[in-house]
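Examining the three-dimensional arrangement
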Amino acid sequence: MAWNEPGNKGQDPWGKKGGNDKGPPDLDEVFRNLSKRFGGKGNGSGNGISSMSLVIVLAIAVVVWGLSGFYTVKEAEKGVELRFGGYIGEVDPGLQWKATFIDEVTPVNVQTVRSIPASGSMLTADENVVLVQLDVQFRVNNAKNYLYSVVDADASLREATDSALRYVIGHNTMDDILTTGRDKIRRDTWNEIERIIEPYNLGIMIVDVNFLPARPPEEVKDAFDDAIAAQEDEQRFIREAEAYSRQLEPKVRGTVQRMDQQAKAYKQRVTLEAQGKVARFEQLLPEYQAAPDVTRERMYFDTMQEVMSGTSKVLIDAKNSGNLMYLPLDKLMQNSQSNKSVSTKSKPAQPIMSVNSTTNNSSMPLDGRPSRGDRTGRN
């Protein structure tokens, strides 16, 4: 019901209880009071605040605005500066200043190495399923592209990593993934990630790609573990064989070289001996032509001396004497053995002593005592 309608008794809603109706507050009076506080005279309604007061207020506001623009960029960061939303440049580390409400600076860490993992069950080229894990390490090399080239650079890199990993796994067999082809898969995945993110200008540089150990599904894990152990044993045996070969090769080479040197020395010795014999016979020929009998006898004696010096038999001529002299058989045997060691063509020793007597046909023992047959004959 309106306050001036019939039945309202003419009560003013702005009035106060008790009948003390003073009305709304006077704005001119409020401005005059403010002017008095700031040093004004309070005359007039529109000029209540003096120009000096406005200057002070504006100065304080400018100081506060200026102080609010100071900021610090850390050592490992780069600041991307925008002015009214437009890119104007990058800010170096240190104490910097920007115009508040006009410029905006976003710091980006460009030195820290970050990582993005990727994993999952993937199909191989030989239609097997393998569980693989990959960790991509990267660093920001362009702060502007990292912030504004795409909506989320980390998410884009994660999707590119997953796509590259699935592509590489799909073009390799399971044995290569689990054993010998791990390094190749790592390098191929790295190259594929860089190929995918290149058109997007993410402002990211790949530092390293770690291909973590892959594993087969749990249902066939034991069989694959046995296969991997067998392949590791194969590589170990190959390494051991190579080590043995490297150890044996110098010895064989030394033996071959020694045999070659011995053969050359033997060849030279035989050649020199042959040349010496030829020279000796050439010198002997004039002597033989001058005195054939003497030369022939001398050659016979020299030959027999050379032949008999290598035997252990002792020949005794007992024609003129029946007494058996004492013979140092031990010394004779030692001399015979020493002569055999020097001569390569000597016959084996025969420890038998033959006694040849022209006076009788009976054999005499070495100790000088007659045999039993001789004693019985004499008796």
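Residues numbered from 1 in each chain as written. Predicted model: local features only at pLDDT ≥ 70, side-chain atom pairs only at ≥ 80, totals over all residues. Heavy atoms only, no water.

1. With respect to the layout of surface pockets
To find the voids left in a structure, one rolls a probe of water-molecule size over its atoms. As a volume, the second largest pocket reaches approximately 290 Å³. Every residue along the wall of the second largest pocket is listed here: Lys277, Arg280, Phe281, Leu284, Met299, Asp302, Thr303 and Glu306. Listing elements by their share of the lining of the second largest pocket, those giving two or more residues are helix H7 (221–290) and helix H8 (292–308). When the residues that make up the lining of the second largest pocket are grouped by side-chain class, the tally is three nonpolar, one polar and four charged. (1 Å grid on protein atoms, 1.4 Å probe; cavity = no way out; pocket = protein on both sides within 12 Å on 5 of 7 lines; lining within 4 Å. Points joined across faces, edges and corners; volume = space filled by probe spheres on them. Helix = DSSP H or I, 4+ residues; strand = E, 2+ residues; numbered from the N terminus. Nonpolar A, V, L, I, M, F, W, Y, C, P; charged D, E, K, R; others polar.)

2. Looking at the pattern of salt bridges
Tallied over the full model, the rule gives 15 salt bridges. Measuring nitrogen to oxygen at the nearest pair gives 2.9 Å for the salt bridge that ties Lys184 to Asp188. Here Lys184 and its partner Asp188 are both found in helix H6 (residues 182–197), four residues apart, which amounts to about one turn of the helix. With relative accessibility at 42%, the residue Lys184 sits in the partly exposed group. According to the relative accessible area criterion, Asp188 is partly exposed, its value standing at 26%. Measuring nitrogen to oxygen at the nearest pair gives 3.3 Å for the salt bridge that ties Glu240 to Arg236. With a gap of four residues between them, Glu240 and Arg236 both fall in helix H7, about one helical turn apart. Among the charged side chains, a salt-bridge network with shared partners connects Asp183, Arg186, Arg187 and Asp208. (Salt bridge = Lys/Arg side-chain N within 4 Å of Asp/Glu carboxyl O. Buried < 20%, exposed > 50% of the residue type's maximum accessible area, 1.4 Å probe, protein only.)

3. A few points about the pairing of strand S3 (residues 86–91)
With five bridges connecting them, strand S2 (residues 77–83) and S3 associate as antiparallel partners. Each bridged residue has a counterpart across the sheet, and for Val80 the counterpart in S3 is Glu90. Between the end of S2 and the start of S3, which pair antiparallel, lie two residues, with Phe84 showing a positive phi angle near 55°. (Pairing = 2+ DSSP bridges.)

4. Some words on a nonpolar patch on the surface
Side chains of Val63, Trp65, Leu67, Phe70, Phe84, Leu95, Trp97, Phe101 and Ile102 sit close together on the surface and give an oily, nonpolar patch of about 1000 Å² of accessible area. Of all the secondary structure elements, the ones that give two or more residues to the nonpolar patch are helix H2 (51–67) and strand S4 (94–97). Among the elements that line the nonpolar patch, the one with the most residues is H2, at three residues. Here Val63 shows up in helix H2. (Patch = residues over 30% accessible without salt bridge, like charges linked within 9 Å, V, L, I, M, F, W, Y side chains within 5 Å. Areas by Shrake-Rupley, 256 points an atom, 1.4 Å probe, with all protein chains shown as cover.)

5. Comments concerning the packing of helix H4 (residues 153–170) against H6
Running from N to C, H4 and H6 point in directions that differ by 135°, and their axes come no closer than 9 Å. Between H4 and H6, the crossing angle belongs to the class labelled oblique. For the element pair H4 and H6, the recorded crossing hand is right-handed. Across the interface between the two elements, Leu157, Ala160, Thr161, Ser163, Ala164, Leu165, Tyr167, Val168 and Ile169 from H4 touch Ile185, Asp188, Thr189, Glu192, Ile193, Ile196 and Ile197 from H6. Taken together, the residues of the contact of H4 with H6 sort by class into eleven nonpolar, three polar and two charged. (Axes fitted to C-alpha atoms, helices over the stretch in contact; angles between N-to-C directions. Parallel < 35°, antiparallel > 145°, perpendicular 65-115°, else oblique. Left-handed = near helix turned anticlockwise from the far one by under 90°. Contact = heavy atoms within 4.5 Å.)

6. Things to note about the nonpolar core
If you look at the biggest cluster of nonpolar residues, it comprises 37 residues, and the most contacted ones within it are Val132, Ile169, Ile206 and Phe211. Only strand S6 (114–123), strand S7 (129–140), helix H3 (143–148), H4, helix H5 (174–178), H6 and strand S8 (204–211) provide two or more residues apiece to this core. Ranked by the residues each element gives to this core, the list is headed by H4, at seven residues. Non-local contacts of Ile169, meaning those with residues more than four positions away in its chain, are made with Met122, Leu123, Thr124, Ala125, Val130, Val132, Ile177, Ile185 and Phe211. (Core = buried A, V, L, I, M, F, W, Y, C linked by side-chain atoms within 4.5 Å.)

7. Focus: the sheet that holds S8
Spatial ordering of the open sheet is given by S6-S7-S8, a layout of three strands whose pairing is antiparallel. Looking at which strands have only one partner, the edges of the open sheet turn out to be S6 and S8. Pairs of neighbouring strands in the sheet enclose a mean axial angle of 25°, with direction left out of account. With ten bridges connecting them, S6 and S7 associate as antiparallel partners. Bridge pairing links Ile116 to Val136 in S7. Running over the sheet, H4 touches S6, S7 and S8 and is turned about 35° from S6. Its contacts with the sheet place H6 against S7 and S8, and it is angled at close to 155° to S8.

8. Side note on the confidence of the model for the protein
Where the model shows low pLDDT, its predicted coordinates should not be examined in detail. In this model, the protein carries a mean pLDDT of 77, and residues with pLDDT of at least 70 account for 69%. The low-confidence segment residues 41–48 (pLDDT under 50) makes seven contacts with residues lying over four places distant or belonging to another chain. Counting contacts from residues 344–373, a segment whose pLDDT is below 50, to residues more than four positions away or on other chains yields 36 contacts. (pLDDT = per-residue confidence, 0-100.)

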